[in-house]
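Descriptive structure summary
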Amino acid sequence: MKKGNKTKVNLIMVVAIVVLVISALLLQPKGEFEGSDGAAEAMITEIKPDYEPWFEPLIEPKSGEIESLLFTLQGSIGAAIIAYVIGFNKGKNKHVID
């Protein structure tokens, strides 16, 4: 692929990502963003009000901010591992002698 074509493709992808992010924020109904945990808990208690969880969390964060921090950290570590594996395989394939 020529350099000019790569630039056009990259520009199109960036514009598409920006449009998706902005449309997701604009289409969000008024209110707060909620996670799936709260929705699942509400659905379970609606279906079976006497449901008892199998186990309790080992560590309960002291605040919502710490919980958000740990969740973000977990996602960041996962993304770093995935990026490393993809980069490693791309670099390995680039240096293969035919």
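Residues numbered from 1 in each chain as written. Predicted model: local features only at pLDDT ≥ 70, side-chain atom pairs only at ≥ 80, totals over all residues. Heavy atoms only, no water.

**A short note on the overall build of the protein**
The secondary structure content of the protein amounts to three helices and zero strands. Ordered by position from N to C terminus, the α and β elements of the protein give α-α-α. Of the accessible surface of the protein, which amounts to about 9,900 Å², a share of 68% is contributed by carbon and sulfur atoms. (Helix = DSSP H or I, 4+ residues; strand = E, 2+ residues; numbered from the N terminus. Areas by Shrake-Rupley, 256 points an atom, 1.4 Å probe, with all protein chains shown as cover.)

**As for a nonpolar patch on the surface**
A grouping of I66, L70, L73, I77, I81, Y84, V85 and F88 is seen on the molecular surface, where their side chains present a nonpolar patch of about 780 Å² in accessible area. Position of F88 relative to the elements: it lies in helix α3 (residues 64-94). (Patch = residues over 30% accessible without salt bridge, like charges linked within 9 Å, V, L, I, M, F, W, Y side chains within 5 Å. Salt bridge = Lys/Arg side-chain N within 4 Å of Asp/Glu carboxyl O.)

**Some details on the packing of aromatic side chains**
In total, this model carries one aromatic pair according to the counting rule given. Measuring from centroid to centroid gives 6.0 Å for Y84 and F88, while their planes differ by 25 degrees, and the two rings are stacked. A residue pair is termed a helical-turn pair when its members lie 3 or 4 positions apart in one helix, as Y84 and F88 do in helix α3 at four residues. (Phe/Tyr/Trp six-rings, centres within 6.5 Å; stacked < 30°, edge-to-face > 60°.)

**Notes on the UniProt feature "transmembrane region" (unreviewed entry) in the protein**
With numbering aligned to this structure, UniProt lists the feature "transmembrane region" (unreviewed entry) at residues 9-27 and 68-88. This span, residues 9-27, is 100% helix and 0% strand, and a straight line between its end C-alpha atoms measures 27 Å. Between the C-alpha atoms that bound residues 68-88 there is a distance of 30 Å. The span itself is 100% helix and 0% strand. (UniProt positions renumbered as here; feature names shortened; annotations may be inferred.)

**Digging into a negative patch on the surface**
Taken together, the side chains of D37, E41, D50, E52, E56, E60 and E67 define an acidic patch exposed on the protein surface. In this fold, E67 is placed in helix α3. Judged by its relative accessible area of 46%, E67 falls in the partly exposed class. (Lys, Arg positive; Asp, Glu negative; His and termini not counted. Charge placed at Lys NZ, Arg CZ, Asp CG, Glu CD. Buried < 20%, exposed > 50% of the residue type's maximum accessible area, 1.4 Å probe, protein only.)

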